[in-house]
Structures are given as C-alpha cells and as structure tokens.
Amino acid sequence: MRNDPYTTQFVRSPARLKEHPALVLNADYRPLSYFPLSLWPWQEAVKAAFLDRVTIVAEYDEVARSPSLEIRLPSVVVLRDYVKPARLAAFTRFNLFLRDEFRCQYCGAKGDLTFDHVIPRAAGGRTTWENVVAACGPCNLRKGSRSLREAGMRLFKPAGRPTAGQLQNVGRKFPPNHLHETWLDYLYWDAELEP
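The structure contained in this document is the topic of the report that follows.

Calculation notes
Residues numbered from 1 in each chain as written. Predicted model: local features only at pLDDT ≥ 70, side-chain atom pairs only at ≥ 80, totals over all residues. Heavy atoms only, no water. Helix = DSSP H or I, 4+ residues; strand = E, 2+ residues; numbered from the N terminus. Buried < 20%, exposed > 50% of the residue type's maximum accessible area, 1.4 Å probe, protein only. Contact = heavy atoms within 4.5 Å. Areas by Shrake-Rupley, 256 points an atom, 1.4 Å probe, with all protein chains shown as cover. Arc of directions from axis to C-beta. Salt bridge = Lys/Arg side-chain N within 4 Å of Asp/Glu carboxyl O.

### Topic: the overall build of the protein chain
The number of helices and strands found in the protein chain is seven helices and six strands. The helix and strand sequence of the protein chain, counted from the amino end, reads α-β-β-α-β-β-α-β-β-α-α-α-α. The buried share of the protein chain, taken over its 195 residues, is 37%. A sequence separation of at least 24 residues applies to 62% of the contacts in the protein chain between residues at least 6 apart. Accessible surface computed for the protein chain: about 12900 Å², of which carbon and sulfur atoms make up 53%.

### Some words on helix 2 (residues 42–50)
Burial in helix 2 covers these residues: Trp-42, Ala-45, Val-46 and Ala-48. Down the axis of helix 2, the sector holding all buried residues measures 165°, keeping them to one side.

### Some thoughts on helix 6 (residues 164–171)
Turn by turn, an α-helix covers 3.6 residues, leaving residues three or four places apart pointing in a common direction. Those residues of helix 6 not exposed but buried are Ala-164, Leu-167, Val-170 and Gly-171. Buried residues along helix 6 cover an arc of 120° about the axis, so they all sit on one side. Its buried side turned inward, helix 6 meets helix 3 (93–99).

### Brief notes about the pattern of salt bridges
Oppositely charged side chains are able to pair whenever their charged atoms sit close together. Under the criterion given, the structure shown has six salt bridges. With its nearest N and O atoms 3.5 Å apart, the salt bridge here joins Asp-61 to Arg-72. Here Asp-61, found in strand 3 (residues 54–65), pairs with Arg-72, found in strand 4 (residues 70–79); they are eleven residues apart in sequence, far enough to count as distant. The class of Asp-61 is exposed, set by a relative accessible area of 71%. Overall, the relative accessible area of 36% leaves Arg-72 in the partly exposed class. Among the salt bridges present, the one from Glu-70 reaches Arg-65, with a minimum N-O distance of 3.1 Å. In this structure Glu-70 comes out as exposed when scored by relative accessible area, which is 53%. One continuous salt-bridge network, built from bridges that share partners, spans Glu-59, Asp-61 and Arg-72.

Printed below as a string of structure tokens:
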C-alpha cells in the first residue's frame, strides 16, 4: 500500500491488533531479556495462555473476538516454568556493540559502527571478547593495523568478556521506542540503584 494522503485518509489499517505485543516475564517475574526486550505478538501470548504455559498478569483494553470467544489482549505474561538464563554471553557483533553501548571505543561516536582488533590481526591479535571493540569507520581507518601506542589512541574502557547479566544491565539503558504503562512495574524493579 502506498503511503500517500489518499491512503492514510481513506483506507483503514486492516490489523490494529498486531500492534499489541505482550511483555514476556520469566517465572521469577523478570523479563527474559531487556535488549531486545522479550516481547511476543498478542497471538502467541493468547496461544500460550490457552495451552497453560503462561499466566496473564496485565491486559490491554483491546479485545479479540471469535464466533465463540472474546478475550482481552494480554500485555504482560509470566512463564509457568522457569527458564534458566544463559551464564555466558555469545560472542556476536550485536552483543559486542551492546557491551560497548553502541559507541566507538576510541572517540565515543554513535552509529555506523564496525569492530576493530585492539592488537591487530597482522600482529597476532585474535578475534575474542578481550581483543575486539566497537569502532567508527574513521577511527578504524586511523588506527589501521597499528597498536594503540603507535596510533596514539586510547580506549574508553578495556575490552573484556561480559557476563550475560552484564549485557542485560547494559540493555536496560536502551529501552524500546514504545513502553506500555502495564510493563513499567516489571522492567526496572531489579535494576541496581546508582549512588
């Protein structure tokens, strides 16, 4: 469908209900993940409730109807069985950027990131948590295959292997664009308070 004044004025969205995700909490009432936030489409949440896999703890005002049933859409669901969180974080590009808070570790720039080997691969540097950092293109080119000392550059913080919990805590700093008011009581109650 084209996005012009005619279609936005005269054609209704066919599926308003698709815009009602459910926040998924573990059996301990903590989100399965913060970034990305653990969300299910409303259809999955309703299906899980009917299969008795989740408990619905908050609902939207919106209702889904079938010929024989009417149900308010779940906005927060809790798993009946506890899912043990991973202890080790997977070494992925996304998790690397999350660890470094989506900032270049040389200049602090955001956006258009790549990654850089602190000890260059040409000098025997490996692709590990301890040797790879997020970097913007200009800083990556400036450093090239030189050491930090040779390039006259410094890291904001040393590279290291984060735990899954540390990545979860960093993920709290990046809330999604939309937070439904029913989610707020469940998102940040276990966050560590700053002094």
